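# Observations on the three-dimensional arrangement
So you can see what is in the structure, the chains are spelled out below.
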Amino acid sequence: METGGKVMLKVQELRDQFDNLEKHTQWGIDFVERYTKFVKERSEIELNYAKQIRNLSKKYQPKKNSREEEENKYSSCRAFLSTLNELQDYAGQHELVAENLTAQIIAELAKYTQELKAERKSHFHDGRKAQQQIENSWKQLEACKRRFERDCKEADRAQQYFEKMDADINVTKADVEKRCYNKARQQSQMRHQMASDSKNEYAAYLQKFNQEQNDHYYTIIPNIFQKIQDMEEKRIERLGESMRTFAEVDRQILPIVGKCLDGITTAAESIESKNDSKQVVDSYKSGFEPPGDVEFEDYGQAMKRAVSETSLSNSRGESKPEKPTKRQGKLWPFIKKNKLTLNSHMRSLIEGSGPEDFSHLPPEQRRKKLQAKIDDLNKDIQKEMDQRDALTKMKDVYIKNPQMGDPTSLDPRLGEIAQNIDKLQAEVQKFEGWLAEVEGRMPVKSDPPTKRQSAVFETQNNAPVTNNCAQDRESSPDGSYTEEPSSEPPVKAADPEFDDEFEEEEVLPTIGTCKALYPFEGTNEGTISITEGELLYVIEEDKGDGWTRVRRNEEQEGYVPTSYVEVFLDNNTKEPWRDW
């Protein structure tokens, strides 16, 4: 009770501050709306942030292609993928924050604001009504007071007039004067009576007004102000609860966010650099053995060569440059107009649409491709066999229970599956044969490396061939062959009778030599077959497409994979059939 009395006394202190309280409560409502707007904007920020996180994660998700799938074998790529997935969950938690802020704060405060406005309006309506009543009572009191004052003045004037008549009657005794005397006395008595009545009425209303005023300032207004105070305190408490909820909404997602971050940390810790580097080695190793030591070439000895009977050395200075013959045109299949076709073929091999046996790949990569193909075929065979077993069981059920179905209706499907199995098994055998061929031809790592040769053919006297790895020969802009000007004088025919004998001699120069490291079957157009250890001339080096043009003799030339040969470029290398 004492506390309530103190609160009431504090409220009474504001009984004359009605207008200021009205302004303050309006400010309180505006503050609630301002805080609601703040939470709404925070919710929008959370939604936009979650959306951006999701878009970022989606942007860097691996695409469904061979390149991205190839990257997934590295632990760092898998860890990055796990990070992206964790970010999706992380974004979901921020969406949950926005959802909870909207449901638990924004919607509740919006509803409460409407209720607060209605309650405030009701309280101040009651306050204005009470003020209006006390003002009306005061006006009525003032009216009674003025009436009492007027009646008193009228009574005084009537009394004075009567006293004056009373003094005059002792002098004159006329009847007329007597009648005036009686009238003045009656008027004076009536005025005194009216004044007395006004006095009584004023006194009664004054007592009533004082009671109403006392009730107004000590009961009605304090009660209204107490309600306003309760409303204001409730508003402040409600704001405090909203602020606590604001913090709790964020605190609730911390465990899940922590798990997301732990997942990212675990993914980072799962990265194994050694395994990744091993994957790189396994993916790109070709199976080639490193080249052997380069033999010493003794240029101090005089270069000797037995001159053949068909040599043109004697007539070298006299002969004219030979014109290409029709036979020579046939021997040179890679003319300029066919170069574009060959380049497109090379591009198709590089892009992955190579031969079925993967012969365009280095041995180790070819072995992996063949093994993967065999595994895929075995999986397909297993699927077909599972379907065959299922249909066989179904057929047995139909045979035992003919009412369930016709057993013969399954025969076409069984026959089709049997054909598919036979085809797949034939494919497996074909690829296993190629795999056995690759495994049989791949060099054994324990074998000692062979000596690196610097010449193509060893002549009868084992004369070394010059190998200084000079500058590359010139080529035309479109990649076709362009003859390199020779420093030697052109070779001329010795005698017309020798034209037929040397008609098929190739005049195009070589730019180096090469040694076949592995066998290659040149089944495609423009390629040439080579055997392991074979020595060849290089007439066009690799231009970045993975192929080198070589020549075996005057009539056989073509392209071979650069990875299958060991190339030694030399601008001074001469062909054995050219004269010295």
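Rules of the game
Residues numbered from 1 in each chain as written. Predicted model: local features only at pLDDT ≥ 70, side-chain atom pairs only at ≥ 80, totals over all residues. Heavy atoms only, no water. Helix = DSSP H or I, 4+ residues; strand = E, 2+ residues; numbered from the N terminus. Buried < 20%, exposed > 50% of the residue type's maximum accessible area, 1.4 Å probe, protein only. Contact = heavy atoms within 4.5 Å. Areas by Shrake-Rupley, 256 points an atom, 1.4 Å probe, with all protein chains shown as cover. Patch = residues over 30% accessible without salt bridge, like charges linked within 9 Å, V, L, I, M, F, W, Y side chains within 5 Å. Salt bridge = Lys/Arg side-chain N within 4 Å of Asp/Glu carboxyl O. Lys, Arg positive; Asp, Glu negative; His and termini not counted. Charge placed at Lys NZ, Arg CZ, Asp CG, Glu CD. Core = buried A, V, L, I, M, F, W, Y, C linked by side-chain atoms within 4.5 Å. Phe/Tyr/Trp six-rings, centres within 6.5 Å; stacked < 30°, edge-to-face > 60°. Pairing = 2+ DSSP bridges. Expected span 1.5 Å × (residues − 1). Axes fitted to C-alpha atoms, helices over the stretch in contact; angles between N-to-C directions.

## Here we look at the overall build of the protein chain
- Scanning the protein chain from N- to C-terminus turns up 10 helices and 5 strands.
- Taken over 580 residues, the protein chain has a buried fraction of 33%.
- Excluding contacts between residues fewer than 6 apart, the proportion of contacts in the protein chain whose partners are at least 24 apart in sequence is 80%.
- Summing over all exposed atoms, the protein chain offers an accessible surface of approximately 36800 Å²; the carbon and sulfur share of this is 52%.

## With respect to a negative patch on the surface
- On the surface, Glu115, Glu119, Asp230, Glu233, Glu237 and Glu241 cluster together into a negatively charged patch.
- Among the secondary structure elements, those contributing two or more residues to the negative patch are α4 (75-169) and α5 (175-269).
- When residues of the negative patch are assigned to their parent elements, the largest contribution, 4 residues, is made by α5.
- As for its position among the elements, Glu233 is in helix α5.
- A relative accessible area of 39% means that Glu233 is categorised as partly exposed.

## A few points about the environment of Asp276
- Relative to the helices and strands, Asp276 is located in helix α6 (residues 273-284).
- The exposure class of Asp276 is buried, given its relative accessible area of 12%.
- As a C-alpha pair, Asp276 and Tyr74 span 202 residues in sequence and 5.3 Å in three-dimensional space.
- Residues within four places of Asp276 in sequence aside, it is in contact with Tyr74, Ser75, Ser76 and Ile271.

## Some thoughts on the nonpolar core
- Membership of the largest hydrophobic core comes to 19 residues, with the highest contact counts inside it found for Tyr35, Val39, Leu101, Ile105 and Phe246.
- Sort the elements by how many residues they give to this core and α4 lands first, with 8 residues.
- Those residues in contact with Leu101, other than ones at most four positions away along the chain, are Val39, Arg42, Ser43, Ile106, Phe246 and Val249.
- Counting residues in hydrophobic clusters, the runner-up holds 16 residues, among them Tyr518, Phe520, Ile530 and Val550.

## Section: the side chain of Gln93
- Turning to its location among the elements, Gln93 is positioned in helix α4.
- The class for Gln93 is buried, based on a relative accessible area of 13%.

## Some thoughts on the packing of aromatic side chains
- In the structure shown here, the tally under the stated rule is 11 aromatic pairs.
- Arranged with centres 5.7 Å apart and planes meeting at 25°, the rings of Trp27 and Phe31 form a pair that is stacked. Of this pair, Trp27 and Phe31 both sit in helix α2 (residues 18-59), separated by 4 residues, roughly a single helical turn.
- Here a set of aromatic residues connected by ring pairs shows up, and it is made of Tyr518, Phe520, Trp547 and Tyr564.

## Details of the pairing of strand β3 (residues 547-551)
- With 5 of 5 residues buried, β3 lies mostly within the body of the structure.
- Across the two faces of β3 the burial is the same, with Trp547, Arg549 and Arg551 and Thr548 and Val550 all buried.
- In this structure, strand β2 (residues 535-540) lies alongside β3, joined through 3 bridges in antiparallel fashion. Residue Val538 lies in a different strand from β3, and its bridge partner there is Val550.
- Across 5 bridges, the pairing between β3 and strand β4 (residues 557-561) is antiparallel. Looking at the pairing, Arg549 lines up with Tyr559 of β4.

## Quick notes on helix α9 (residues 363-400)
- The first and last C-alpha atoms of α9 sit 55 Å apart over 38 residues, in line with the 56 Å expected at 1.5 Å per residue.
- Burial in α9 covers these residues: Pro363, Glu364, Gln365, Arg366, Leu370, Ile374, Leu377, Ile381, Glu384, Leu391 and Tyr398.

## Looking at the sheet that holds strand β5 (residues 565-569)
- If you walk across this open sheet you meet the 5 strands as β4-β3-β2-β1-β5, and the pairing is antiparallel. Two strands bound the open sheet, and with one partner strand each, they are β4 and β5. Mean inter-strand twist for the sheet, computed between neighbouring axes without regard to direction, equals 40°.

In short, shape yes, function no, at least from these values alone.
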